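For reference, the chains in residue letters:
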Amino acid sequence: AAVPPGARGLRWAGELYQHAPTETSQATLASVSPVFAVMKFDKEGNTTYFEKKKTELYQELGLQARDLRFQHVMSIATRNNRIIMRMEFLKAVITPEFLLILDYRNLSLEHWLLNQLASQLAGEGQLVTYSLPFEFRAIEAILQYWISKLQGRLNTLQPQILETLEALVDPKLLSVDRSKLHILLQNGKSLSELETDLKVFKETILEILDEEELIEELCLSKWTDPQVFQESSSGIDHAEEMELLLENYYRQAEDLANEARELRVLIDDSESIIFINLDSHRNVMMRLNLQLTMGTFSVSLFGLIGVAFGMNLESSLEEDPRIFWLVTGIMFLGSGLIWRRLLSFLGRHLEPPLPPHVPAVLKKSQPSAGRVEIKNSLKAETFGLSRTLPNQ
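Residues numbered from 1 in each chain as written. Predicted model: local features only at pLDDT ≥ 70, side-chain atom pairs only at ≥ 80, totals over all residues. Heavy atoms only, no water.

An unreviewed UniProt entry annotates the chain as Magnesium transporter of Oxyruncus cristatus. For the chain, the Sequence similarities (unreviewed entry) comment in UniProt is given as "Belongs to the CorA metal ion transporter (MIT) (TC 1.A.35) family." Per UniProt, the chain has the following entry under Subcellular location (unreviewed entry): "Mitochondrion inner membrane". (UniProt positions renumbered as here; feature names shortened; annotations may be inferred.)

*Asks:* Account for the side chain of Lys91, naming residues and giving values.
*Replies:* For Lys91, the position within the fold is in strand β5 (residues 90-94). Look at Lys91 and you get buried, because its relative accessible area is 14%. In terms of polar contacts, Lys91 uses its side chain to reach the side chain of Asp103, at 3.3 Å. Residues within four places of Lys91 in sequence aside, it is in contact with Phe70, Met85, Leu100, Ile101, Leu102 and Asp103. (Helix = DSSP H or I, 4+ residues; strand = E, 2+ residues; numbered from the N terminus. Buried < 20%, exposed > 50% of the residue type's maximum accessible area, 1.4 Å probe, protein only. Polar contact = N/O pair within 3.5 Å; in protein donor to acceptor, adjacent residues only side chain to side chain. Contact = heavy atoms within 4.5 Å.)

*Asks:* Could you give an account of the UniProt feature "transmembrane region" (unreviewed entry) in the chain, with specific residues and numbers?
*Replies:* The positions that UniProt labels "transmembrane region" (unreviewed entry) are, in the present scheme, residues 292-311 and 323-339. Across residues 292-311, helical content stands at 90% and strand content at 0%; the span's end C-alpha atoms are separated by 28 Å. Between the first and last C-alpha atoms of residues 323-339 the distance is 24 Å; the span itself is 100% helix and 0% strand.

*Asks:* Any details on the environment of Leu184? Residues and values, ideally.
*Replies:* Following the sequence through the fold, Leu184 ends up in helix α5 (residues 178-209). Here Leu184 falls in the buried class, since its relative accessible area comes to 6%. Along the backbone, Leu184 and Ile161 are 23 residues apart, and their C-alpha atoms lie at a distance of 6.5 Å. Discounting residues that sit within four places of it in the chain, Leu184 has contacts with Thr164, Leu165, Leu168 and Ile267.

So, in structure tokens, the structure goes:
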């Protein structure tokens, strides 16, 4: 059937109305696309700065929008011959020709970018991968920065924790300084955060080391210029070089995790010693209170004699002038004897049992030269205190 002209016009207007909001929404989404502040480094260490929308950036790099969705997580992935590194606030995209740092406007990060990264990429630093392709230098520079940052956090926490524990683990203290406990609580929380960051860093590298294909994908120049990736000067394949590089930083993270774990054990042991110290002083106060209670009982027991003489009853004893001193002496002597008897009874029943026989154990190997000496002295003082407190 033929459609009337008026109906065709209404249908065309309805289709136009349906398409108009879609085009408007697409234009609005494109206009609100996030803008990245980008710092670009080439092979010679030359630096350029620019700002670019996310849509334009991932199209130029041949990536997807989700590849540039950076959260505060840690991961190393490859997409379309590009390495995407997420180190919490550090966001980087590595290609065989250049390195992009996104959202670099951070005080500590900007200081490292301007003073160290450019020179390292140009070969003026101490990177061991300078003779290898560009992506090796970029990966090593970023991993080195992150390990040094974790090392700096540990170096800041370690002396603070040891100093606080040394002030708290003191057998002469009758009470614990709450300000020191507050500092120890804050440092313990920071230490837990550091242990979590080290664990995530190790897991990120370990995921790559467990997959040979992922290691091959990190060698970007292998797919762009295969002649470059034959063998290194040492006769080791460049994929093995990448594996050794990742294992090196995994081992460094493992060493830092061991040091952090030792601090955690030291905090736990010191807390036990603090509680033992406080319990010891509390037992002393309770024993003193019990002794005073027994003394009061002894005096009140023989004070009944004075109560008897204070009654309004007459006897022939009050006429003798010597009876006052005799009764007073009997009261004090009897109170002292009973108190002494109660103390000896208390001493017999509160005598600590003999400590169990502990067989001799083999001495552990001496700590490495790089360990802090105050840590060892604090451990010795802590364990020595735990042995002497039961005898006290």
